[in-house]
Amino acid sequence: MRTATRTSLRAARAERTPRPRRAGGAGARRGALALAVAGALALTAAGCGDSGGDKDKSGDKPAPGQSDLITHTVQLPKLNGQKLKVTAVWTGVEQKSFTKVLDEFAKRTGAEVAYVPSGDDMSAFIGSKVAGGDPPDVAMLQQPGALREFAGKGWLKPLGEEARAQLKKNFSQGWQDLGSADGKQYGVYFKTSNKSLVWYNTKIFEAAGVKVPATWPEFLRTAQAVADFGVSPVSVGGADGWTLTDWFENVYLSQAGPEKYDQLAQHKIKWTDPSVKDALTTLGQLFGKKELLAGGQEGALQAQFPTSVTQTFSGGEKAKAAMVFEGDFAAANITAAKAKIGTDAKVFPFPAVGGRAPVVTGGDVGVALKDSQAAQALLTFLASTDAAGIWAREGGFISANKNLGLASYPDDVQRSIAKALVSAGDSFRFDMSDQAPAAFGGKPGQGEWKDLQDFLRNPADVEGTQQRLESDAAKAFKN
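Sequence order as written defines the numbering, with residues in each chain counted from 1. Selection of residues for local features in this predicted model requires a pLDDT of at least 70, selection of side-chain atom pairs for listing and counting requires 80 or more, and totals for whole chains, interfaces and linings are taken over all residues. For the side-chain quantities, the full set of heavy atoms in the structure was used; hydrogens and water were omitted.

**Student:** Break down the pattern of salt bridges for me, with residues and values.
**Tutor:** Close approach of charged atoms lets side chains of opposite charge pair. Counted as salt bridges are all cases of a side-chain nitrogen of Lys or Arg within 4 Å of a carboxyl oxygen of Asp or Glu. Counted according to the given criterion, the structure contains 18 salt bridges. Here Glu94 makes a salt bridge to Lys191, at a shortest N to O gap of 3.2 Å. A residue pair is termed long-range when its members are at least 10 positions apart, and Glu94 in helix α2 (residues 92-109) and Lys191 in strand β6 (residues 188-194) qualify at 97 residues. With a relative accessible area of 1%, Glu94 lands in the buried category. The classification of residues rests on relative accessible area computed with a 1.4 Å probe and restricted to protein chains. Under 20% of the type maximum is buried, over 50% is exposed, and intermediate values are partly exposed. You can call Lys191 buried: its relative accessible area is 0%. For Lys203, the salt bridge is made with Asp344, and the minimal N-O distance between the two is 2.6 Å. Here the residue Lys203 occupies a position in helix α7 (residues 202-208), and Asp344 occupies one in the loop between α14 (331-336) and β10 (345-349), the gap between them amounting to 141 residues. Connected via shared salt-bridge partners are Glu298, Lys450, Asp454 and Arg457. Secondary structure elements follow DSSP: runs of H or I no shorter than four residues count as helices, runs of E no shorter than two count as strands, and numbering proceeds from the N terminus.

Okay, here's the thing in structure tokens:
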């Protein structure tokens, strides 16, 4: 858990994702997205990409720079005098962009909207608010596991007819399934992400004379060549444990395959399985070499996600690192570092460890915790192309909304990523840690986040890491 701004987490996550689940539904996705994304990103890495000439399907909106008009495809009620409290983990750049979405909703409806950052631990935040009798009207959750948990406790309100209509109109069945529990539709996946990307500093790559790698061995050789050139090759935001789960998931999916991925995500196989040993051993090839990490292991453990991105691009060829792994949401932090996406910063697919490059997705799902007209209206808005287009134009945002035109995105890189995601339909794998109970896959300082931070500190301890992961998983899954 993706979505990855967890500030540490998501300010982190996009300053993440998310994160970027649903029992069964997410586990059943196949690998078509991997092929689609790999193809699109191969063009991007080569300096090509979608021309951006596509017009917005919801109003033929011209490409960015030609018009700032916001389309009106959904009818919203008048809510003058009603107050609405919305919570999410987003801070910094992400909060600023989301606030523009909320401002447009307030403008159209007359509602008074207040945004409250939840902090990294969304489950604890919501739990305390529910216990105190004052939950937010709408929350943006990063985990399908949390959605199912909250629904099971009776905290969530099912989507109304208008929100369901927008959802059915604009999203594939797979994304609808991810927002449901026990046969009821609760959530709208507003912000989604491709979490299998490596962003690189083009000036450093050019100066070091290295090329974009396609496989894990090539990736390690490229990293070593950059290190020999005198620059730390890989920046890791290890202070935010969710980034380390993303590293593991990409290696594991590519190396062990989708069936094993699904089994481990549901704890149908143990973390002591040989496939986990293989993935940790592979990841240790990078984490175990101090010279390959910006600041070494300790520096990586101290770097929060936003820093891991900005230090890769701030200063051009004098930046502290050459590459940083994470989702499309990293674009917001790259821009904050005053680097131009597509020129100073480019992207390539996470290198193939096994026979196929992995693609892991994440997302943030909007849910209602109060049964109010205002809450339902906001979720209806978030399911529309209108709301998605507002944030898309700001950058650092990808939508699974199939009717959002590619022209809404500000550059070819983000258009390529968005096109691949939507083209894949229901064929995707969702972030594994976000499918787990929050106690294992979604809390700072415990469970998988802490266990992988300990592994980053001591990558040689593969067996001990497996034992700790299995112990924590068994407690959380209660099996």
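**Student:** Any details on the side chain of Glu249? Residues and values, ideally.
**Tutor:** Turning to its location among the elements, Glu249 is positioned in helix α9 (residues 241-256). Side-chain atoms alone can form a polar contact between residues adjacent in sequence; in general such a contact is a pair of N or O atoms within 3.5 Å, and within protein one must be able to donate a hydrogen while the other accepts it. Within the local environment of Glu249, its side chain forms a polar contact with the backbone nitrogen of Ser433, the two atoms lying 2.8 Å apart. Any two residues whose heavy atoms approach within 4.5 Å are treated as being in contact. When near neighbours in sequence (up to four residues on either side) are disregarded, Glu249 contacts Tyr261, Val360, Asp431, Met432 and Ser433.

**Student:** Mind laying out the pairing of strand β2 (residues 112-117), listing which residues take part and the relevant values?
**Tutor:** As defined by bridge partners, strand β1 (residues 83-88) adjoins β2 across 6 bridges and the pair is classed as parallel. Within β2, the residue paired with Val86 across the bridge is Tyr115. Handedness of the crossover joining β1 and β2 through α2: right-handed. Paired strands, in this sense, are two strands between which DSSP finds at least two bridges. Place the viewer so that the strands point away; then a crossover is right-handed whenever the path from the first strand over the helix to the second strand goes clockwise.

**Student:** Could you give an account of α9, naming the residues involved and the relevant values?
**Tutor:** Between its first and last C-alpha atoms α9 spans 22 Å; for 16 residues at 1.5 Å apiece the expected length is 22 Å, and the two agree. When you tally the buried positions in α9, you get 14 out of 16 residues, the bulk of the element. To estimate the expected span of a helix, count its residues, drop one, and scale the result by 1.5 Å.

**Student:** Let's hear about the packing of aromatic side chains: which residues, and what values?
**Tutor:** For Phe, Tyr and Trp, rings pair up if their centres lie within 6.5 Å, where Trp contributes its six-membered ring, and each pair is then called stacked (planes under 30 degrees apart), edge-to-face (over 60) or tilted (otherwise). Counted by the stated rule, this structure contains 29 aromatic pairs. For the pair Tyr200 and Phe205, a centre-to-centre distance of 4.5 Å together with 35 degrees between the ring planes defines the contact as tilted. Take Tyr200 and Phe205: they sit in the same class, and that class is buried.

**Student:** Quick one: what's the story with the sheet that holds strand β9 (residues 321-325), residue by residue and with numbers?
**Tutor:** In a beta sheet, neighbouring strands are held together by backbone hydrogen bonds and run either parallel or antiparallel to one another. Strand order in the open sheet made by the 4 strands is β8-β9-β7-β10, with mixed pairing throughout. Strands with a single pairing partner mark the edges of an open sheet, and in this sheet they are β8 (232-235) and β10. For this sheet, the mean angle separating the axes of adjacent strands, direction not counted, is 25 degrees. Every axis corresponds to a line fitted to the C-alpha atoms, with the helix fit spanning only the stretch in contact, and the corresponding angles, defined between N-to-C directions, vary from 0 to 180 degrees. Across the face of the sheet, helix α8 (residues 216-229) comes into contact with β7 (197-201), β8, β9 and β10 while running at roughly 125 degrees to β8. Sheet strands touched by helix α13 (residues 305-313): β7, β8, β9 and β10. Its angle to β9, the strand with the most contacts, is close to 145 degrees.

**Student:** Which residues make up the pairing of β1, and what are the values?
**Tutor:** With 2 bridges connecting them, β1 and strand β3 (residues 138-141) associate as parallel partners. For Val86, the partnering residue across the bridge sits in β3 and is Val138.

**Student:** Please set out the packing of helix α11 (residues 274-287) against helix α20 (residues 447-457) residue by residue, giving values where relevant.
**Tutor:** For the pair α11 and α20, interaxial distance at closest approach is 10 Å and the crossing angle is 50 degrees. One way to sum up the angle between α11 and α20 is to call them oblique. Packed against α11, whose contacting residues are Leu280, Leu283, Gly284 and Phe287, the element α20 presents Leu452, Phe455 and Leu456 at the interface. Here the residues of the contact of α11 with α20 sort into 6 nonpolar, 1 polar and no charged. Note on angle classes: values under 35 degrees are labelled roughly parallel, values over 145 roughly antiparallel, values of 65 to 115 roughly perpendicular, and the remainder oblique. For this classification, Asp, Glu, Lys and Arg are treated as charged, while Ala, Val, Leu, Ile, Met, Phe, Trp, Tyr, Cys and Pro are nonpolar and the rest, including Gly, are polar.

**Student:** Outline the environment of Ala165, supporting the account with residue identities and numerical values.
**Tutor:** Looking at the secondary structure, you find Ala165 in helix α5 (residues 161-170). Taking C-alpha positions, Ala165 is 9.0 Å from Ala383, a pair spaced 218 residues apart along the chain.

**Student:** Lay out unusual backbone geometry with the relevant residues and their values.
**Tutor:** Even without being a glycine, His267 presents a positive backbone phi close to 60 degrees. Looking at the element boundaries, His267 is found in the loop between α10 (258-265) and α11. A relative accessible area of 8% places His267 in the buried class. Of note, Lys338 is a non-glycine position whose phi angle comes to about 65 degrees, a positive value.

**Student:** Outline α20, supporting the account with residue identities and numerical values.
**Tutor:** Burial runs high along α20: 9 of the 11 residues are buried. Looking at α20, one finds that the buried residues are Gly447, Glu448, Trp449, Asp451, Leu452, Gln453, Asp454, Phe455 and Leu456. Turning to α20, the residues buried within the fold contact α9, α11, α12 (296-302), α18 (432-435), α19 (438-441) and α21 (462-477).

**Student:** With reference to specific residues and values, describe the packing of α9 against α20.
**Tutor:** Axis separation between α9 and α20 bottoms out at 8 Å; the angle between their running directions is 75 degrees. Judged on the interaxial angle alone, α20 and α9 are roughly perpendicular. Residues Gly241, Trp242, Leu244, Thr245 and Phe248 of α9 touch α20, and the partners they reach there are Glu448, Trp449, Leu452, Gln453 and Leu456. For the contact of α9 with α20, a count of residues per class yields 6 nonpolar, 3 polar and 1 charged.

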